[in-house]
Amino acid sequence: MNYVNLDAITLKEIPKIIAEDGRGNLSVIEKELLPYEIKRVYYLYDVPSDSIRGGHAHKELQQFLIAVAGSFSVVLDNGKERKTFHLNRPNKGLLIPSGVWRELENFSAGAVCLSLVSAAYDEEDYIREYANFKSIKRS
Ligand code: T46
């Protein structure tokens, strides 16, 4: 599994269309925004503020996370260092490549985490033991 440079991961702007007549905003994700075809969409909601979601890495799957409502933090870990991102705007998303450990925490009340992913659900793609992730990264 390749080394992932966390410095290369930043929040990505999602185009926003502001209604000139004050009807509010609309954000749109077209295929050029992501480096993969979206194969599945799921979302996390009603997450208690003390819950930690994620806690795994993916072997192949790539994903784009958006706080479509509320806020939460995403801690990414490449096996050597960690970096924390705060997602709190519906027009910014976090593109997570494969081979990165992730933990989602500090969910605000009413937060919704939308996830646009590159593959169908496959439990075989998950690395759910941190020690296992570290040893794969070392090898
Ligand atoms: C990720 C974070 C952000 C399914 O049956 N189908 C699905 O598409 C998904 C995503 C999950 N599940 C089942 C598997 C488990 O029995 O739903 C249950 C909860 O899944 P998990 O514990 O993996 O949930 P999270 O929130 O810890 O992780 C999920 C995604 O699995 C993961 O890819 O990056 O959200």
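Notes on the structure in this doc start here. Because the structure is a prediction, the values reported are computed rather than measured.

Thoughts on the packing of aromatic side chains
- The final tally for this structure, using the stated rule, is 6 aromatic pairs.
- Here F72 and F107 contribute two aromatic rings whose centre-to-centre distance is 5.0 Å and whose plane-to-plane angle is 20 degrees, an arrangement assigned as stacked. Of the two residues, F72 is situated in strand β7 (residues 72-77) and F107 in the loop between β10 (101-105) and β11 (112-117); the sequence distance between them amounts to 35 residues.
- Residue classification places F107 among the buried residues on the basis of a relative accessible area of 2%.
- Ring-pair connections join several aromatic residues into one group, and the members of that group are W101, Y130 and F133.

Here we look at the sheet that holds strand β9 (residues 92-96)
- Strand order in this open sheet of 5 strands is β1-β9-β6-β11-β4, and the pairing throughout is antiparallel. Only two strands of the sheet have a single partner each, and these edge strands are β1 (11-13) and β4 (40-44). Across the sheet, the mean angle from the axis of one strand to that of its neighbour is 30 degrees, orientation sign disregarded.

Topic: the pairing of β7
- The buried fraction of β7 is high, at 6 of 6 residues.
- What you see with β7 is no split at all: F72, V74 and L76 on one side and S73, V75 and D77 on the other are buried throughout.
- Alignment of β7 against strand β8 (residues 82-87), held across 6 bridges, turns out to be antiparallel. Pairing of S73 across the sheet is with H86, part of β8.
- A loop of 4 residues connects β7 with β8, the two strands running antiparallel in sequence, and G79 in this loop sits at a positive phi of about 100 degrees.

Details of the layout of surface pockets
- There is about 180 Å³ of room inside the largest pocket.
- Together, Y42, L44, R53, G54, H56, H58, Q63, L65, R102, L104, Y126 and R128 line the largest pocket.
- Put simply, the parts of the chain that give the lining of the largest pocket at least two residues each are β4, β5 (53-58), β6 (63-69) and β10.
- Here the lining of the largest pocket takes 4 residues from β5, the largest share from any one element.

Criteria and thresholds
- Residues numbered from 1 in each chain as written.
- Predicted model: local features only at pLDDT ≥ 70, side-chain atom pairs only at ≥ 80, totals over all residues.
- Heavy atoms only, no water.
- Phe/Tyr/Trp six-rings, centres within 6.5 Å; stacked < 30°, edge-to-face > 60°.
- Helix = DSSP H or I, 4+ residues; strand = E, 2+ residues; numbered from the N terminus.
- Buried < 20%, exposed > 50% of the residue type's maximum accessible area, 1.4 Å probe, protein only.
- Pairing = 2+ DSSP bridges.
- Axes fitted to C-alpha atoms, helices over the stretch in contact; angles between N-to-C directions.
- 1 Å grid on protein atoms, 1.4 Å probe; cavity = no way out; pocket = protein on both sides within 12 Å on 5 of 7 lines; lining within 4 Å.
- Points joined across faces, edges and corners; volume = space filled by probe spheres on them.

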